[in-house]
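One letter stands for each residue in the lines below.
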Amino acid sequence: MEFKDDLGKPWRYEDDGLTVTRSCVWSPPGCHPVGCGVKFYADEDGTLVKVEGDENQPVTKGRLCPRCLTLKDYVNHPDRIKYPMKRDPKYRGQADKWERITWEEAFDLIESEWKRITAKYGPTSVAVWAGTGREGGTFMPYAAAIFATPNYCYTQSGYACYLPRMAASAYVLGAVYPEIDFAGGLEGTYDNPEFKVPEVIMLVGKDPLPSNPDGFFGHSVVDLMRRGAKLITIDPRTNWVSTRAAYNLRLRPGTDTALLMAMLNVIINEDLYDHDFVEKWTYGFDQLAERVQAIPPAKAAVICDVPEEDIIAAARMYANAKPASIAWGLATDQKANGQQMAHCVMALMAITGNIDIPGGNIIGGFADSLNEPGFGFSTMTDETKDALLGLHEYPAYCGMLLNAHADLMLKALETEEPYPIKMGLYAGNNLLAGTCAAEPRRWHDAMIKSLEFNIGFDVWMTPSTQSTCDLMLPLTTVAERDGVVFTHYSSLPVTYGIMTPAIKRIGETKSDMELGWELGRRLQPEFWSQYTDFEDFVSKFRLMGKMSLSEAREKVCIQRGHTYRKYEKGLLRGDGQLGFNTPTGRVELWSTMFQRFGDDPLPYYEEPQYSPVSTPGLLDEFPFVLTTGARRYEYFHSEGKQIPYLREIHPEPTFDINPADAEALGIAQNDMCVLRNQFGVCELRANVSPIVKPGVVQADHGWWYPEEDPNEPHLYGVWRSNINSLIPNFHTGKMGFGAPFKCILCSVKKGSLADEMSHEELIAGGYDRPAHLDWKEGRNA
Amino acid sequence: MPSYGLLIDYEYCSGCHACEVACKEEHGFPVGKFGIRVYSDGPWQINNRQTNWNKVPVPTDLCDLCADRVAAGRKPTCVHHCLANVMKFGTIDELAEDLKRKDKQVLFVPRPGGDLDWREEIDTTSVVDKLRGADIALEYSVADDSALDGASNASFKLALQREEHKLDDRQKVD
């Protein structure tokens, strides 16, 4: 059968009485920016009435996940914050004390508080709480270019999300982030004559289909499988995609570096590596070869609990495939041993000759780098810039991204050392509920104690804004705003997507870019005078001045093309020389930068801080290895809980437990259970499944209950099911990266928190559960 | 005779729920009602290395194969939005040919349910609540509450009020 479609339609057109605007989705709702193509249908009142996938988007081709499919329920939701509101700080945590104000009053308040606080405590007393998946979380101008503070701070301990891999690849490869080549930037994608389908794709600590990080369209793995690619998966869980893999190496959480060192051991000892690439383009091969003798497959088999013959077979399969690619994931960032794991992953790509070749792992060129770090730094004195929290303690982290160190920020909030933090702004962050804080209750307590003025900026009232904010600003959605979404935050060329307003703006909401623009001109007029208007700012800041917003708007989605083997063409280094943008000009298997930062220049395996091997004394009390945060199709971190069609798919948070363990503990499917360790406690329903091995459990993250009591101490039930309460701060790797979100110990017991504490403790801790969960209307309480 | 079907390659259905949600958005089905549902067989272990896990979207009685969209020349919304691109809509004849080319596929031929009244609100009143204070005229009733002893399974005696009717042997209770 032949079908009609909208291929070739312009960026805006009429369809049966509705105005259709083609756009690429990002922020909000949050997502790791693929920039999926959508068609927004608006009626004559400018109301969003329908959303469909845009078949013109060259990567997604009209496909959409449940989160975009429910966009009209999100955009039109009655609980959206529509107007600025203020609240006396003494009423923090009281939902009925907010009063509506105008934007003018809001700006007056921000300006007067900012001036008062910085005069009293210095410019460094202002911090921006950066989150993830939202534009605010990468909008570094908020800090330097607006508040003249260096303290832009992603609040997750050890920046345990994406950045550790970015940093490791900047140091080892001199390029920010090797990704599997899924032909996204090539005209015709998979059919482009330059592209080659990888013979093997190895998924390392990544489940890309529901997660799509960070610009990589996860289902391209399915597209490539159907075109012949074979899979190897390295993951503690047997995800659906693992059941389609040739090898599924189900390792103990936290032991990845041992497994990868063993694979390097096999590939080097069996002479399966690319001699040409190693000799011409790597540094330190002999030293790496010697180091990986420490972990032969037999030893890794014991450490990781993976059969020795599978480690060997998978290593051979990967090395013999021409080409092969590795999709490496969040597990790399969520352990103290993460930089070493990252080093091993890149060593595998390098010694097999798979860097920047068709079907291998592509990297960005020198011209593709981000322009955000350092943006606006001219507003600050050298002394202020130098006071960036963590710059001297963790130069590998803070010096590279110009972000304040998350754990040192918590310390400053709790102790006022080295200086007090008194004012803040939430930039795409719901840290109490979501992904962006370990021990969230500590952050909650410290913020309330320390901050004199805290600004929220979101689509919804969240536990974070309800409890800690004094001013609440209304954030607009993707359907109402201009903007640019680029895969991998522009550091790796695939696509640029353009966001174009499709409907009438709801309430008085603004986007991060608009708030930045307007507040910037108010507080730093001299700096912002370099832009003629908002569109000029967007064009220069996001489009590198290469085109205007109106030109870009017409294209909707731009494939950036790809030049392979840039190391042979002088396209990776600022000086135009051949090779890689590292101190030696080569891929540093022996890392000069790691050594400079005080870590081992070669990979090494280190057990997680709390593990059956490191702390066997804890096993009596906490006998399970806990990993957290496996992704789901229906939610993006803490988002989506108030959208009925999404909540229906997974209405309550769960944890995975193997049937043998469940039976031993008397736990049946959906039983409420308490998970606990020395850092915290929560309750989750059991998903009894062999998706995890005996001895391992995996818990959902990002849960709060928008339909519940918003007031302190209950705060939408944010503490009840919060697995991040079990994850500690201050447990990073040597260079300051990583946190044990995916490798720690816990206990599991059938029952609920009400069984474990007095009624008073239950209520005071906000742990109480209502008799029934009433989410079907999707309303905030 | 049915003419159209939905062909699904369940080797590659990843269970993303896009078809379910696209369908609900298109037709306005409320929470609890679906035009297509993703069923998951697994995970269960075949052996220590292999696991069975197949996800299969199944059209429900409410699926009308997006009759309005098809009449306008478009694909059903589930087919359009499927992330793994494993769904195909067409005539049964052409889809049967596709079925021959590859294993792990299934061809569904829904009975178009476009005329089912799914908008009717489901009655959630308890049968017990409906009977409270109800005045029902009965010919036979329990005359003496004390004859009912909840602690034992002993039979109880019914005091029967005989009106005009004779009691059938079958109804005698000891």
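Please read these numbers as outputs of a predicted model, since none were measured by experiment.

Here's the deal with the pairing of strand β2 (residues 36–45) of chain B
Residue and element names in this part refer to chain B. One ladder, built from eight bridges, connects β2 with strand β3 (residues 51–59); its direction is antiparallel. Counted as the bridge partner of Y39 is V56 from β3. In this antiparallel pair of consecutive strands, β2 and β3, the connection spans five residues.

What to know about the confidence of the model for chain B
Residue and element names in this part refer to chain B. In this model, chain B carries a mean pLDDT of 85, and residues with pLDDT of at least 70 account for 80%. Low pLDDT, under 50, characterises residues 150–165; the predicted model gives this stretch 19 contacts beyond four residues in sequence or across chains. Here the complex is predicted with pTM 0.95, and the ipTM for its interfaces comes to 0.96.

Observations regarding the nonpolar core
Core analysis: the largest hydrophobic core is formed by 303 residues, its most contacted members being F147(A) and L675(A). Ignoring any residue separated from it by four or fewer positions in sequence, one finds L675(A) in contact with L626(A), F655(A), G680(A), V681(A), C682(A), L684(A), A699(A), I723(A), L726(A), C746(A), S747(A) and V748(A).

Section: the UniProt feature "domain: 4Fe-4S Mo/W bis-MGD-type" (unreviewed entry) in chain A
Taking the numbering used here, the UniProt-annotated feature "domain: 4Fe-4S Mo/W bis-MGD-type" (unreviewed entry) corresponds to residues 22–79 of chain A. When the span residues 22–79 of chain A is considered, its composition is 16% helix and 26% strand, and the gap between its end C-alpha atoms is 26 Å.

Notes on helix α8 (residues 256–269) of chain A
Residues and elements named next belong to chain A. The first and last C-alpha atoms of α8 sit 20 Å apart over 14 residues, in line with the 20 Å expected at 1.5 Å per residue. The buried count for α8 comes to 13 of 14 residues, which makes it a mostly enclosed element. Positive backbone phi, at 55°, marks D271, one or two positions downstream of α8.

Here we look at the sheet that holds strand β8 (residues 152–154) of chain A
Within a sheet, neighbouring strands are paired by backbone hydrogen bonds and run either parallel or antiparallel to one another. Residue and element names in this part refer to chain A. Spatially, the seven strands line up as an open sheet ordered β6-β5-β18-β17-β16-β7-β8, and their pairing is mixed. Where the open sheet ends on each side, the last strands, each with one partner, are β6 (99–100) and β8. Of the pairings in the sheet, the one linking strand β5 (residues 85–86) to strand β18 (residues 471–474) comprises two bridges and is antiparallel in character. Residue M85 lies in a different strand from β18, and its bridge partner there is M472. Contacting β5, β7 (126–130), β16 (423–427), β17 (453–458) and β18, helix α3 (residues 103–121) runs over the sheet at an angle of about 135° to β18.

Here we look at the environment of K100(B)
Within the secondary structure layout, K100(B) lies in helix α4 (residues 92–101). Of note is the side chain of K100(B), whose polar atom sits 2.9 Å from the side chain of E97(B).

Details of the pattern of salt bridges
Counted according to the given criterion, the structure contains 65 salt bridges over all chains. Where D96(A) meets K97(A), a salt bridge forms, and the shortest distance between an N and an O atom there is 3.9 Å. Among the residues examined, D96(A) registers a relative accessible area of 61% and is labelled exposed. Ionic pairing is found between D276(A) and K280(A), a salt bridge with its closest N-O pair at 3.2 Å. Residue D276(A) and its partner K280(A) are both found in helix α9 (residues 275–281); the two are separated by four residues, about one turn of the helix. Take D276(A): its relative accessible area is 45%, and that puts it in the partly exposed class. Using a relative accessible area of 47% as the deciding quantity, one classes K280(A) as partly exposed. Several salt bridges share partner residues, and in doing so they unite D6(A), K9(A), K39(A), E55(A) and R74(B) into one network.

Definitions and cut-offs
- Residues numbered from 1 in each chain as written.
- Chains lettered and ligands numbered in written order.
- Predicted model: local features only at pLDDT ≥ 70, side-chain atom pairs only at ≥ 80, totals over all residues.
- Heavy atoms only, no water.
- Pairing = 2+ DSSP bridges.
- Helix = DSSP H or I, 4+ residues; strand = E, 2+ residues; numbered from the N terminus.
- pLDDT = per-residue confidence, 0-100.
- Contact = heavy atoms within 4.5 Å.
- Core = buried A, V, L, I, M, F, W, Y, C linked by side-chain atoms within 4.5 Å.
- Buried < 20%, exposed > 50% of the residue type's maximum accessible area, 1.4 Å probe, protein only.
- UniProt positions renumbered as here; feature names shortened; annotations may be inferred.
- Expected span 1.5 Å × (residues − 1).
- Axes fitted to C-alpha atoms, helices over the stretch in contact; angles between N-to-C directions.
- Polar contact = N/O pair within 3.5 Å; in protein donor to acceptor, adjacent residues only side chain to side chain.
- Salt bridge = Lys/Arg side-chain N within 4 Å of Asp/Glu carboxyl O.

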